[in-house]
Amino acid sequence: MTELQQRLATGKGKFTPLYEELDTGPVSYEDSISPEFFEAEREAVFRRSWLYVGRSERLPRPGTFFTRELNGLASIVVSRRKDGVVNAFHNVCAHRGNKVVWQEHPQEESKGSCREFACKYHGWRYGLDGRVTHVTNEEEFFGLDKDALRMPPVHCEEFAGFIFVNLADDPVPLRTYLGDRLLELEAYPFDKMTQHYGFSAPIRGNWKLAVDSVCEWYHPPYVHARFIDKDIAKAEKMVPPPDSYHYDLFTPHMLTSVPGPPPLPPREPGTAGAAARDQKWVYRLFRAGLFGPDDVPDIGPLPEFLNKGKIKSWGNDQFWLFPNLSVQIWARGFYITYTYWPEAVDKHTYDIDLYFVPPKNAQERLAQELIVDSTIEFAMQDVNTIEATQQGLSTRANRQFHLSDQELLIRKFHKTVRDTVAAHQARDAKES
Amino acid sequence: MSAVTSIGTASTLPARFADLEPWVADWARPTRQERYDMRLSKKYGELEEFYDAIAPRAEEAIEYLNGRDLDDLADDDARLLQLLYSMILVSYAVNVFMQPRIPDSGAAFFNTTAEPAV
């Protein structure tokens, strides 16, 4: 082991056997290539789970709204009502089904601020709660029950500034769904981090393969070698040892905590040294790297729910909110969300959003720019790997695959999806 | 050539950074997407030239800009800041990948859905 690996090693044994529900055998990836499974998953998982659709800061005042296209699931409007409550409804007119809220391109999402929504087709109007307020030439209709007319409601709840919707008829409350361990997230000052960068990538691969690609730290010396060391043999020696991570599986959600480098000490202006074609010099100059800024903003004391595994050089906690949201809280005072929206068995959209405390000066602003650019350069390297995995799996030339101990989140995640589908199908069979 | 400011001078950067003027037209761009497109449109040697021109002035530029209000930047200050954003984007190509595009990234791309105004 290298000096770095020795410093981070904990001597913990294997993680997977600690979890009774996990075996250690080979796995099938049929759940990522079968069109039938994809349809079943959409019904059992996406139509019945709480789905994150945006931050509360997107709705700063009553009357503000945004729309979301949840591909294959729903087209919805999320708005803040006059009483301040955030609610959601299907973006569908009660008259003839026209999409009510859109600008220029019906397929695209939109946002804005208004008192009422007006359908572009025949001028029906709706309040910020989705109820009809005006029917054009109402007297020409036959027995309209105007009070019952509306854009159909969608269950919508907020937690820690994250807005979720649920397309089921009668879902469990969001806080019940999240459970005690995730409710602790409420202690984090997400609301201080309003400097927002967002990115979205179409990926020709199953959404679960994208989740897999960021659930283990086995791949960095290969996929991200050039960032670590051009010599792969050296890169392999510069990653933290597997036993330095921390895992917690609280079904259906899960967590991993990751080590990371400490920030550089403060330095006087003019001491970055002579310019060099060396990325480490760029990191020193701008005082930031993939793991965050060297000048960490003061956001108050670290809430106790973070780094429960007491990692010595803690980098971040990655909370996986089932099914498709990862909230990463970084030691250096910022957070990132990943969201995965399936479109077909072999296609999804991957959203990355980064949130920082607004920068006080150019140095802080540039540090954030470098963190953002580093994150996307790394993510770009992961994306094509996902597409290559989809290609390989879909041949079915191999049908059994092998997960190591540090890939336990992958083992667990696919099992949770499969179990959710099986439970739903069992309920369906019983009811019919 | 680069644009001329409203007050009619040839430099569109703060006076002490006027020597960086040749880089303004291509690299002082307000959005990340434009900066990334520019990186992909250049030959590797052109990226090296840009990096080698900006990097030695970067620390001085950061110090200069630190004295300015980010929410009320003059146009010439904003352009200098944008040159530094471009330097960061180009640094990966020059120092990490030795080519404009990330190796093996194929057709992969990220659309920008949100970014700060400045």
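The sections below set out a description of the structure shown in this document. (Residues numbered from 1 in each chain as written. Chains lettered and ligands numbered in written order. Predicted model: local features only at pLDDT ≥ 70, side-chain atom pairs only at ≥ 80, totals over all residues. Heavy atoms only, no water.)

## Focus on the overall build of chain B
Point 1. Secondary structure assignment for chain B yields 4 helices and 1 strand.
Point 2. Overall, the C-alpha framework of chain B stretches about 45 × 30 × 25 Å when taken along its three principal axes.
Point 3. Counting every position in chain B, which comprises 118 residues, the buried fraction comes to 51%.
Point 4. Here the contacts in chain B between residues at least 6 apart in sequence split such that 69% fall between residues at least 24 apart.
Point 5. Roughly 5,400 Å² of accessible area belongs to chain B as shown, and the carbon and sulfur atoms make up 51% of that amount. (Helix = DSSP H or I, 4+ residues; strand = E, 2+ residues; numbered from the N terminus. Buried < 20%, exposed > 50% of the residue type's maximum accessible area, 1.4 Å probe, protein only. Contact = heavy atoms within 4.5 Å. Areas by Shrake-Rupley, 256 points an atom, 1.4 Å probe, with all protein chains shown as cover.)

## Some thoughts on the overall build of chain A
Point 1. Summing up its helical and strand segments, chain A has 10 helices and 19 strands in all.
Point 2. Taken against the 2.2 N^0.38 rule, which gives 22 Å for 432 residues, the C-alpha radius of gyration of chain A at 24 Å falls within 12% of a compact globule.
Point 3. Dimensions along the principal axes, computed over C-alpha positions, put chain A at roughly 80 × 55 × 35 Å.
Point 4. Burial status across chain A gives 55% buried among its 432 residues.
Point 5. Split by element, the accessible area of chain A, about 19,300 Å² in all, is 51% carbon and sulfur.
Point 6. On chain A, the mean spot of the 51 positive side-chain charges and the mean spot of the 60 negative ones are 3 Å from each other. (Rg over C-alpha atoms; globule rule 2.2 N^0.38 Å. Lys, Arg positive; Asp, Glu negative; His and termini not counted. Charge placed at Lys NZ, Arg CZ, Asp CG, Glu CD.)

## A closer look at the sheet that holds strand S1 (residues 51-55) of chain A
Residue and element names in this part refer to chain A.
Point 1. Sheet architecture is open: 7 strands sit in the order S1-S10-S9-S4-S3-S2-S5, paired in antiparallel fashion. With partners counted over all chains shown, the strands left at the sheet margins are S1 and strand S5 (111-113), one partner each. Here the strands of the sheet are splayed against their neighbours by 25° on average, with no regard to which way each runs.
Point 2. Summarising the sheet, strand S2 (residues 64-70) and S5 pair through 3 bridges and their orientation is antiparallel. Across the sheet, the residue bridging to Thr64 is Ser113, located in S5. (Pairing = 2+ DSSP bridges. Axes fitted to C-alpha atoms, helices over the stretch in contact; angles between N-to-C directions.)

## A closer look at the interface of chain B and chain A
Point 1. In this assembly, 44 residues from chain B lie in contact with 47 residues from chain A.
Point 2. In total, about 4,000 Å² of surface goes out of reach between chain B and chain A, with carbon and sulfur atoms giving 62% of it.
Point 3. Per-residue buried area on chain B facing chain A is highest for Glu59, Tyr92 and Phe110 of chain B; these three make up 19% of the total on that side.
Point 4. Taken together, chain B and chain A are joined by 6 salt bridges.
Point 5. Here Glu48 of chain B and Arg277 of chain A are joined by a salt bridge, their closest N and O atoms 2.6 Å apart.
Point 6. Considering every element that reaches the side of chain B that touches chain A, the biggest residue donor is helix H4 (residues 75-97) of chain B, with 12 residues.
Point 7. Partitioned by chemical class, the residues of the side of chain B that touches chain A number 27 nonpolar, 8 polar and 9 charged.
Point 8. In terms of strand pairing, strand S11 (residues 195-203) of chain A meets strand S1 (residues 111-114) of chain B through 3 bridges, oriented antiparallel. What sits directly across from Ser200 of chain A, in S1 of chain B, is Asn111 of chain B. (Buried area = accessible area lost by both parts, 1.4 Å probe. Salt bridge = Lys/Arg side-chain N within 4 Å of Asp/Glu carboxyl O. Nonpolar A, V, L, I, M, F, W, Y, C, P; charged D, E, K, R; others polar.)

## Some thoughts on the packing of aromatic side chains
All names here are of chain A.
Point 1. The tally for this structure, following the rule as stated, stands at 31 aromatic pairs over all chains.
Point 2. For the pair Tyr188 and Phe190, a centre-to-centre distance of 4.9 Å together with 65° between the ring planes defines the contact as edge-to-face. Just as Tyr188 is buried, Phe190 falls in that class too.
Point 3. Aromatic side chains Phe334 and Phe356 sit 5.2 Å apart centroid to centroid with 20° between the ring planes, which places their arrangement in the stacked category. Here Phe334, found in strand S18 (residues 334-344), pairs with Phe356, found in strand S19 (residues 347-356); they are 22 residues apart in sequence, far enough to count as distant. In this pair, the class of Phe334 matches that of Phe356, namely buried.
Point 4. An aromatic cluster is defined as three or more aromatic residues linked by ring pairs; in this entry it consists of Tyr52, Phe162, Phe164, Tyr188, Phe190, Tyr335 and Tyr355.
Point 5. Here the basic side chain of Lys120 rests over the ring of Trp102, its NZ or CZ set 4.9 Å away from the ring centre. (Phe/Tyr/Trp six-rings, centres within 6.5 Å; stacked < 30°, edge-to-face > 60°. Lys NZ or Arg CZ within 6 Å of the ring centre and 35° of its normal.)

## As for the sheet that holds strand S16 (residues 314-321) of chain A
Point 1. The antiparallel open sheet is built from 8 strands, whose spatial order is S12(A)-S13(A)-S16(A)-S17(A)-S18(A)-S19(A)-S11(A)-S1(B). With one partner strand each, in any of the chains shown, strand S12 (246-250) of chain A together with S1 of chain B form the two edges of the open sheet. Across the sheet, the mean angle separating the axes of adjacent strands is 15° when strand polarity is ignored.
Point 2. Taken together, the 6 bridges between S16 of chain A and strand S17 (residues 325-330) of chain A define a ladder with antiparallel strand orientation. Each residue of the ladder has a partner; that of Asn316 of chain A, found in S17 of chain A, is Trp330 of chain A.

## Structural notes on helix H8 (residues 279-286) of chain A
Point 1. Every buried residue of H8 of chain A is listed here: Gln279, Trp281, Val282, Leu285 and Phe286 of chain A. Around the axis of H8 of chain A, the buried residues are gathered within 150° of arc, so they sit on the same side.
Point 2. Buried residues along H8 of chain A sit in contact with strand S14 (288-289) and helix H9 (362-394) of chain A together with helix H3 (44-66) and H4 of chain B.
Point 3. For H8 of chain A, the side-chain oxygen to backbone nitrogen distance between the N-cap and Lys280 of chain A is 2.9 Å, and the N-cap itself is Asp278 of chain A.
Point 4. Just downstream of H8 of chain A lies Arg287 of chain A, where phi reads positive at about 55°. (Arc of directions from axis to C-beta. Polar contact = N/O pair within 3.5 Å; in protein donor to acceptor, adjacent residues only side chain to side chain.)

## Re the pairing of S16 of chain A
Two faces make up the sheet, and in a regular strand the side chains alternate between them.
All names here are of chain A.
Point 1. Here S16 lies mainly inside the structure; 8 of its 8 residues are buried.
Point 2. In this structure, strand S13 (residues 253-259) lies alongside S16, joined through 6 bridges in antiparallel fashion. Within S16, the residue paired with Val258 across the bridge is Asn316.
Point 3. With antiparallel pairing between neighbouring strands as the criterion, S16 and S17 make up a hairpin whose turn holds 3 residues.

## Points about the environment of Glu34 of chain B
Residue and element names in this part refer to chain B.
Point 1. Relative to the helices and strands, Glu34 is located in helix H2 (residues 32-41).
Point 2. Residues Glu34 and Ser86 lie 52 residues apart in sequence; the distance between their C-alpha atoms is 9.6 Å.
Point 3. A distance of 2.8 Å separates a polar atom in the side chain of Glu34 from a polar atom in the side chain of Thr31.

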